[in-house]
Amino acid sequence: MVEGKPGNLLIRKLFRELWHHRAQMAAVAAVVACGIAVFVSMSSVRYSLEATRADYYSRYRFADVFMQVKRAPEYYRKTVERIPGVASVSTRIIADVTLDVPGLEEPATGRLISLPDYGDGPILNDLYIKSGRALQPGADDEVIASQPFLEANGLRPGDRLKAVINGHMKELRIVGMGLSPEYVYEVQPGAFFPDNEHFGVFWMGRRALESALDMSGAFNDLSLTLSHNGGEADVKGELDRLFKRYGSLGAYGRSDQLSNRFLSDEIKQVGIQITFLPSIFLAVGIFLINIVLARIVAVQRPEIAVLKAMGFSNRAVAIHYLFFALTPAVMGSIIGSVLGAWLGKGLMGIYADFYNFAHPLYYFRFQEVVISVILCVSSAMLGAFGAVRRVVQLPPAEAMRSEVPKMYRPGIFDRTELQKHIPVSLRIIVRNLERRPWKAALSVVMIASAVAILIAGRYSYDAVERMTEVEFTEKHREDLTLLFNDSMPVSVASTVGSYKGVLEHEYYRDEPVTLHYRHRSRRQTVRGLASEGGLQRLIDSHELPAEGLLMTTELARLLNVVRGDTVEVEFLLGSQNRRSVVVAGMLDEILGLSAYMDIKGLHRLAGDGGAVNGAFLRIDTSRAGALYSEFKSMPGVGGVMMLKALKKSFDDLIAESMLTSTLILTIFACVLAFAVIYNGARISLSERARELSSLRVLGLTKREISVILLGEQAVLTLLAIPPGFLAGIGLSVLLALSLSSELYRLPLVFSSYNFLFSFIVVVSVSLVSGFAIRRRLIRLDLIEVLKTRE
Amino acid sequence: MPEHEQSPLLRLSGVSKSYTMGEVVVDALKGVSLDIFSGELAVMLGASGSGKSTLLNIIGGLDVASGGEIFFHGKEMTAASELELTSYRRHAVGFVFQFYNLIASLTALENVQLVTEIADNPMPPEKALGLVGLESRMNHFPSQLSGGEQQRVAIARAVAKRPELLLCDEPTGALDFQTGKLVLEVLEKVNKELQTTVILITHNASIAGMADRVIRMRSGEVYEDHRNTQKRHPSELEW
């Protein structure tokens, strides 16, 4: 008898049988591993991003509250320091200037930021000097430039460039390459995407900048940190009160600081992906374990009986079969963790390229592995529950008998005329599907989830494509935008049109306001556009009304206004008028929150005779060079935004991360589809080996029996594709909703290419699994199968 | 039957078969030579392991011999390809097994149609079922039929293509005495009415009573091959 080492015997049985079922076990483990890989990589990336951000912000003293003013006396710093809740205050001078960068034909924009000269108070938003050196006190032409800008332009510390500061061309010497927590996401004001070639941040000595900008004894930027008990709202309120007369547009916290906002949104999005995909993969894993184990138990009924008859306890036998589920689950969680750690590191690398961290950290926490193993083990137990219960409930005597023969009765199909016209061999397929509709439905659901993941994976592609189309083509016909340093009277600005090579020009006005509606209010820029011009157009061919305000649906939602409501517009600069205006309509934009008015209507509303902040230009490309050099030295121009360069930089930047994530999703969806289809066919093969052998004996060729077996899988796959498409759309909608923020909303667009791609991928995967099964079908031992009783 | 004036339907000459079972080589057939003539009802007797099933499988093209030669209608089958063997099974041979091997998802009629759809000159499936006395149960699924009925469907399926050779492997092995005899009667009828050559293997010596010819096997060899001079109707058999 087996007394003494019964456990060992069962373990040996387990290992041999696991090996025998290795392909199926591997398929289950692969599905689990994909889910865990996403879970672990996304958890690690989220944690790493949070940790990197926290480390960066605290090491380099990223401020808590920010404010820009026109010009305020320096002594106000002391006043601010005395505000309760304020820990330390830093004042700066910041100016955007036009740059002439060696090797770059077009003008670039530089944001000059003052660094306190030695001993001049605490440094907030400090600089990490990656290479080169710090500024020499007293040197008035030295700058430290941001790393992305230098790298994009192939410049190094030691190189020089020219800037037009306050109307004077000045040569600047780059002495260092730096990074700051304030510009983790380095974008030009007014842009949404970085264009590192044409926009860079430069740090310069305070005194040098003071004298260049005539800002002696004054500042135009203030940032502060809060003490532990400092209330942000109170401090902001106090700042607004103090600095309103100095042209403050309002103080704002970290949550509204552009760079931090982008980064925080990104971290939030990563967080969403931690649960999204892994749940789908684990759910499919549970189903797969369920059907695989159910089949193993069905085939092993006599063995279960023998084990029980020999005296193995129910518990021992149940645990034995439970291990068939636990083994692939645990293997999957370990492989998934390793894969996830690796993927996470790679993804973090991509994030570190996108976001400019001084010290990107990658953390892989053991905790994630533990959670993964727990998740997988519980999923496996859930999946195994039914089959293991059957093992326990099986009385030894009954188990010795073979399973109840398959019952078939005429079904719906048999009542149709159709059945008479299809060959008998194909009727087998229909009857099998009809006999166990739940099993078929389950397979369809699982294959459909693979299709859905493929669709959702490609959806982001389509969404970004649409975003590019709208933002770079539909809305804009201009080649470049000139950004003025200060708002200019229309009469002054009109010289722009007189330059040779400017084919069309059109001014716009960006007016910082606060919109009030009932108890809600919101700081917002209202853009005035020429209604008859058409260089910049509104999305979906919206027309600008002569009077009234157009706003994006998202902004309307935040203010709780609908078309026809009257909002109060409080101008923050100049006249500081507060006027009523009717909401004339809404539009669905992709990026940001916007409000538009006809430029003349805006002038009237402001009551200041009209001022403009920039111009859109369409230029004769053959004269571009000459025009660019004009712009480089044009006074009053704070920057130039090149649409094409912006698009190229966006494409390059997005392409890499998009390609990677779509590739990963595609591979994972393929694994899922393969595992489901292959396992389905393997189980069918096991269930029907005898039937298929009989058919071979009757003289059906290998091809003919392959059609019967694989035809069933093909029908299931084809049935799964339409619901898969629908589920994919649903999944994409969920993704779009959860990934959308105030900064951008993913448009819901699906290209036919997306569906075609998903269709081709799923069909190819089922062909591959079909070939894998056909190999087994060909090796079917006719004699062996037929001699035995089922 | 004047056997010497007729060339055999099937000629086996020195047919051998060895298997490797794990690390052991088993000689299942050791040079069997045998001629089977058209229209014969041959019963092959032998204990379990005597090699009779192996021989039947080789004759039926389910398995290939390790040595020797097999001719069907004078055409050598020994070197036939997989595809030729399939075609041979498809057109020339009918099989009846101990465990029926019907397709559970097809009705009795459809099980027969499965064969008539792919054969060259089949009889109408209804006629085949009539031959085995199952016209009234045509639209039943196997799970709705008794064992004997299932075996008769299997026979109908095997003969519907009008095979020249009907191979039966323990066709009564899973049936009770009465039902078994009923099945044997059907086989006898097929042999008589359709002139189909029948080779029936069994370990039940009583069945030899219905044969034209009795072949006895032991340890992979034919040790006795004689004509049955007192052929009896299956209903007269006892065991």
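Quick word on the overall build of chain B
Helix and strand counts for chain B stand at 6 helices and 10 strands. Its C-alpha atoms give chain B a radius of gyration of 17 Å, within 12% of the compact-globule value 18 Å for 239 residues. A burial count over chain B gives 50% of its 239 residues as buried. Contacts spanning at least 24 positions in sequence make up 71% of the contacts within chain B whose residues lie at least 6 apart.

Description of the sheet that holds strand β6 (residues 93–96) of chain B
All names here are of chain B. Read across the open sheet, the 6 strands follow the order β6-β7-β8-β3-β9-β10; overall the sheet is mixed. Here the strands that pair on one side only, and so sit at the sheet edges, are β6 and β10 (221–227). On average, each strand axis in the sheet is inclined to that of its neighbour by 15 degrees, with strand direction left out of account. On the sheet, helix α1 (residues 52–59) packs against β3 (41–45), β7 (165–169), β8 (197–202) and β9 (213–218) and is oriented at approximately 155 degrees with respect to β8.

Looking at the interface of chain B and chain A
How big an interface is tends to be stated in terms of the accessible area lost upon association of its parts. Each side of the interface is counted separately: chain B has 23 residues, and chain A has 25 residues. Elements supplying a minimum of two residues to the side of chain B that touches chain A: α2 (82–91) and α3 (108–116) of chain B.

Quick look at the packing of helix α7 (residues 258–299) of chain A against helix α13 (residues 437–474) of chain A
All names here are of chain A. Across the interface, α7 lies against α13 with an axial gap of 11 Å and an inter-helix angle of 155 degrees. Between α7 and α13, the crossing angle belongs to the class labelled roughly antiparallel. Where α7 crosses over α13, the two elements pack in a sense that is left-handed. Counted together, Ile280, Val284 and Phe287 of α7 and Leu442, Met446, Ser449 and Ile453 of α13 form the full contact between these two elements. Among the residues forming the contact of α7 with α13, the class breakdown is 6 nonpolar, 1 polar and no charged.

A word on the packing of helix α2 (residues 22–59) of chain A against α7 of chain A
All names here are of chain A. α7 packs onto α2 with a crossing angle of 165 degrees between their chain directions and a minimal axis gap of 9 Å. Considering their axes alone, α2 and α7 lie roughly antiparallel with respect to each other. With respect to the hand of their crossing, α2 and α7 are arranged in left-handed fashion. Broken down by class, the residue content of the contact of α2 with α7 amounts to 22 nonpolar, 6 polar and 3 charged.

Overview of the domain arrangement of chain A
All names here are of chain A. Along its sequence, chain A is organised into domain 1 (1–64 + 264–404), domain 2 (65–262), domain 3 (436–475 + 645–790) and domain 4 (476–644). Breaking the side of domain 1 that touches domain 3 down by element, the ones donating at least two residues are α2, α7 and α9 (314–354). Among the elements that take part in the side of domain 1 that touches domain 3, α7 stands out by supplying 12 residues, more than any other. When its residues are assigned to classes, the side of domain 1 that touches domain 3 shows 17 nonpolar, 3 polar and 2 charged.

Looking at the pairing of β10 of chain B
Residue and element names in this part refer to chain B. Pairing geometry for β9 and β10, over 6 bridges, is antiparallel. Looking at β10, one finds that Met217 is bridged to Val222. Linking two consecutive strands that pair antiparallel, namely β9 and β10, is a turn of 2 residues; a positive phi of about 45 degrees is found at Ser219 within it.

Some remarks on helix α6 (residues 232–243) of chain A
Residue and element names in this part refer to chain A. With 12 residues, α6 ought to run about 16 Å at 1.5 Å a step, and its terminal C-alpha atoms sit 16 Å apart, in line with that. Along α6, the residues that are buried comprise Val235, Leu239 and Phe243. The buried residues of α6 all sit within an arc of 50 degrees when viewed along its axis, so they share a single face. The exposed residues of α6 that point more than 90 degrees off its buried face are Ala233 and Arg241. Against β1 (65–73), α3 (76–81), β2 (86–92) and β10 (218–226) lie the buried residues of α6.

Description of the nonpolar core
The tendency in soluble globular proteins is for nonpolar side chains to be buried as a group. By size, the foremost hydrophobic cluster in this structure holds 241 residues, and its most contacted members are Val31, Ile447, Leu672 and Ala675 of chain A together with Ala156 of chain B. If sequence neighbours within four positions are ignored, Ala156 of chain B has contacts with Val112, Ala128, Leu129, Leu131, Val132 and Leu134 of chain B. Of all hydrophobic cores here, the second largest spans 48 residues; its members include Leu515, Val526, Leu549 and Phe616 of chain A.

Concerning unusual backbone geometry
Residue and element names in this part refer to chain A. The backbone of Asn125 sits at a positive phi, close to 50 degrees, despite the residue not being glycine. With respect to the helices and strands, Asn125 occurs in the loop between β4 (108–115) and β5 (128–132). Notably, Arg518 is not glycine yet its phi reads approximately 50 degrees, a positive angle. Mapping Arg518 onto the fold places it in the loop between β13 (502–517) and β14 (520–529).

Cut-offs and rules
Residue numbering note: each chain is counted from 1, following its sequence as written. In the order they appear in the text, chains get letters beginning with A and ligands get numbers beginning with 1. At least 70 in pLDDT is required for a residue's local features to be given in this predicted model, at least 80 for side-chain atom pairs to be given and counted, and no such filter applies to totals for whole chains, interfaces and linings, which use all residues. Secondary structure elements follow DSSP: runs of H or I of four or more residues count as helices, runs of E of two or more count as strands, with numbering from the N terminus. Throughout, radius of gyration means the C-alpha value; the globule benchmark is 2.2 Å times the number of residues raised to the power 0.38. Burial is judged by counting the other C-beta atoms within 10 Å of a residue's own C-beta: 20 or more makes it buried, 12 or fewer makes it exposed, and any count in between marks it as partly exposed, with every C-beta position built from the backbone. A pair of residues counts as a contact when their C-beta atoms, built from backbone coordinates, are within 7 Å of each other. The pairing criterion is simple: DSSP has to find at least two bridges between the two strands. Every angle, taken between N-to-C directions, lies between 0 and 180 degrees, and every axis is a line fitted to C-alpha atoms, over only the stretch in contact when it is a helix. To sort the angles, those under 35 degrees are grouped as roughly parallel, those over 145 as roughly antiparallel, those from 65 to 115 as roughly perpendicular, and the leftovers as oblique. Whether a crossing is left-handed or right-handed is set by the direction in which the near helix is turned from the far one by less than a right angle, anticlockwise for left-handed and clockwise for right-handed. Under the grouping applied here, Gly and all other residues not named as nonpolar or charged are polar, the nonpolar ones being Ala, Val, Leu, Ile, Met, Phe, Trp, Tyr, Cys and Pro and the charged ones Asp, Glu, Lys and Arg. The split of the chain into domains comes from an automatic or database domain assignment. Take the number of residues in a helix, subtract one, and multiply by 1.5 Å to get its expected span. For this quantity, the arc is that covered by the directions from the helix axis to the C-beta atoms. In plain words, the nonpolar core is the set of buried Ala, Val, Leu, Ile, Met, Phe, Trp, Tyr and Cys residues that C-beta atoms within 7 Å link up.

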